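Geometric and topological summary
Read off the chains here:
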Amino acid sequence: MKLRRSVLFMPASNERALEKAKTIPADVLVFDLEDAVAPGAKEAARVLAVKAANSREYGEKEILIRSNAPGTPWWKEDLKAICQSKADGLVVPKVSDVGDIMGIQNSMYNAGAPCDMKFWAMIETASACLNIRQIAESGRRLAGFMMGANDLTLELHAKRTHNRLPIMTGMGMTILAARANDLCVLDSVYNDFKDITGFEAECQQAEELGFDGKTLIHPNQVASANSIFSPTQEEILEAKALINTFAEAQDKGQGVATFKGKMIEELHVREAERLLAFDI
Ligand SMILES: CC(C)(COP(=O)(O)OP(=O)(O)OC[C@H]1O[C@@H](n2cnc3c(N)ncnc32)[C@H](O)[C@@H]1OP(=O)(O)O)[C@@H](O)C(=O)NCCC(=O)NCCSC(=O)C[C@H](O)C(=O)O
Ligand SMILES: [Mg+2]
C-alpha cells in the first residue's frame, strides 16, 4: 500500500528547501512551480525542480512536480520538462472539467510522458466541484485529487473557518467521486504553520472524513500528519481481534457477531483489513 499521509509542498525556486526535503520524513514531496514561485523565477524553478527530481537523492519518497495551470504562459514548457523528468507524477492546478482532463492526458502523451506517469488534479474551483463525478471517471492517467482550499475559498467568496463548513460540500463531493473511482484523495494545506494544535485538529477532521492524507507547507507539520493518518497500535490490535472474533462466528455458521458489545458483520472485517494494510 502506497502511503500518502504527508504530502509536503515547497517552492521549486527555494534551493534550501529542496535540499532540506531530503531528510524530512514526508511520504510525498511536491516541487511547486505555481503559486509559490514568482513570475520572474518560473524558468529557473523549472530547471531546479527537474534537477532535484532526476537526482534520485530523495530515497523512497514519491516525487511530484506541480506545473502552472493549463493556458498560462508556462504550461507547455512545464509539461514538457516534467513529462521528460524522472518525477513520479505531475500535479495540475485549476482543473475544472473533463475537457481539461482530456487536454492534460493528450499533452502528456505528446510530451513523451512514460506510460505509467500519472497526474493529480487540484480541486480548487467551483466548476471542478460541480463536475467532479465526470472528472473522476474520465482520466486513465488520473491518480487522485488534492483539495485546494485557498483557491476554493476565494472563488466561493467564503470565509476560512475552523470547521471548514463553507467548503465542506466541495470536500464531500470530491471524496465521494474519488472513492467511487478508486482514486486517492488528499486534504488541503493548513496555512497557519506555527499553530500545530489547529493543524492537528484539521488532520483529525480530514482523517474522519476519509481523506488519505494531507498536503503540507512546512516541515513541522509532517510528524503530526504521519501519526494522525496512521492507525495507533491499539487500533491495530483491535482490528486483529475483530477479525478473529468474526472468523470464530463464521466457523459456527453465523454471519453476525458481537465484538466489544457491538454488532459486527463482514463489512467490519473489510474495514479492519484496510486498517491492517498500514501495519508495516
Ligand atoms: C511558509 C514558508 C514561506 C515559511 O518559510 P520559512 O520562514 O523559511 O520557515 P522556517 O524558517 O520556519 O523554516 C525552517 C526550516 O525549514 C525549511 N523549510 C521551510 N518550509 C519548507 C518546505 N515547505 N519544504 C522544505 N523545507 C522547508 C526552511 O528552509 C528552514 O530550513 P533551515 O534553513 O535548515 O532552517 C515556507 O514554509 C514555504 O515556502 N512553504 C511552502 C509554500 C508552498 O509551497 N506553497 C504552495 C503550495 S500550497 C498551495 O498552493 C495551496 C493550494 O493551491 C490552495 O489553493 O489551497
Ligand atoms: Mg491553489
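Basis of the calculations
- Residues numbered from 1 in each chain as written.
- Chains lettered and ligands numbered in written order.
- Predicted model: local features only at pLDDT ≥ 70, side-chain atom pairs only at ≥ 80, totals over all residues.
- UniProt positions renumbered as here; feature names shortened; annotations may be inferred.
- Helix = DSSP H or I, 4+ residues; strand = E, 2+ residues; numbered from the N terminus.
- Rg over C-alpha atoms; globule rule 2.2 N^0.38 Å.
- Buried ≥ 20, exposed ≤ 12 C-beta atoms within 10 Å, placed from the backbone.
- Contact = placed C-beta atoms within 7 Å.
- Domains from an automatic or database assignment.
- Core = buried A, V, L, I, M, F, W, Y, C linked by C-beta atoms within 7 Å.
- Pairing = 2+ DSSP bridges.
- Axes fitted to C-alpha atoms, helices over the stretch in contact; angles between N-to-C directions.
- Right-handed = clockwise from strand over helix to strand, strands pointing away.

- Going by an unreviewed UniProt entry, the protein chain carries the name CoA ester lyase and comes from Temperatibacter marinus.
- Of the protein chain, the UniProt comment under Cofactor (unreviewed entry) reads exactly: "Mg(2+)".
- Recorded under Sequence similarities (unreviewed entry), the UniProt text for the protein chain is reproduced unchanged: "Belongs to the HpcH/HpaI aldolase family."

1. Overview of the overall build of the protein chain
- Along its length, the protein chain carries twelve helices and ten strands.
- Whereas a compact globule of 280 residues would reach a radius of gyration of roughly 19 Å, the protein chain reaches 20 Å, a difference of no more than 12%.
- Taken along the three principal axes of its C-alpha coordinates, the protein chain extends 70 × 40 × 40 Å.
- The buried share among the 280 residues of the protein chain stands at 41%.
- Across the protein chain, contacts joining residues at least 24 apart in sequence account for 70% of those joining residues at least 6 apart.

2. Here we look at the domain arrangement of the protein chain
- Annotation of the protein chain at the domain level lists domain 1 (6-228) and domain 2 (233-276).
- A separation of 36 Å is found between the C-alpha centroids of domain 1 and domain 2.

3. Focus on the environment of Ser67
- Mapped onto the fold, Ser67 is located in the loop between β3 (62-66) and α3 (75-83).
- Look at Ser67 and you get buried, because 28 C-beta atoms sit within 10 Å.
- A sequence separation of 36 residues divides Ser67 from Phe31, and the C-alpha atoms of the two residues are 8.9 Å apart.
- The contacts of Ser67, once residues within four sequence positions are left out, are Leu33, Glu34, Trp75, Asp78, Leu79, Ile82, Leu90 and Val92.

4. A look at the UniProt feature "binding site: Mg(2+)" (unreviewed entry) in the protein chain
- Within this numbering scheme, the UniProt entry marks Glu124 and Asp151 as carrying the feature "binding site: Mg(2+)" (unreviewed entry). What stands out for the annotated residues spanning 28 residues is how close their C-alpha atoms remain, the widest pair being 5.4 Å apart.
- For Glu124, the position within the fold is in the loop between β5 (118-123) and α5 (126-130).
- Those residues within four positions of Glu124 in sequence are excluded, and the remaining contacts are Pro93, Lys94, Gly148, Asp151 and Leu152.
- One can find Asp151 in helix α7 (residues 149-156).

5. Here we look at the nonpolar core
- Phe31, Ala49, Ile65 and Phe145 are the most contacted members of the largest nonpolar core, which totals 73 residues.
- If one sorts the elements of this core by residue count, helix α2 (residues 42-55) sits on top with six residues.

6. Here we look at the sheet that holds β3
- Strand order in the closed barrel made by the eight strands is β1-β2-β3-β4-β5-β6-β7-β8, with parallel pairing throughout. Adjacent strand axes in the sheet meet at a mean angle of 25 degrees, parallel and antiparallel pairs treated alike.

7. Remarks on the pairing of strand β1 (residues 6-11)
- Within β1, six of the six residues are buried, which leaves the element mostly enclosed by the surrounding structure.
- Burial of β1 is two-sided: the residues Ser6, Leu8 and Met10 facing one way and the residues Val7, Phe9 and Pro11 facing the other way are all buried.
- Of the strand pairs in this sheet, β1 and strand β8 (residues 213-216) are connected by three bridges, and their pairing is parallel. Pairing of Leu8 across the sheet is with Leu216, part of β8.
- Regarding topology, helix α1 (residues 15-20) serves as the crossover connection from β1 to the parallel strand β2 (residues 28-32), and that connection is right-handed.

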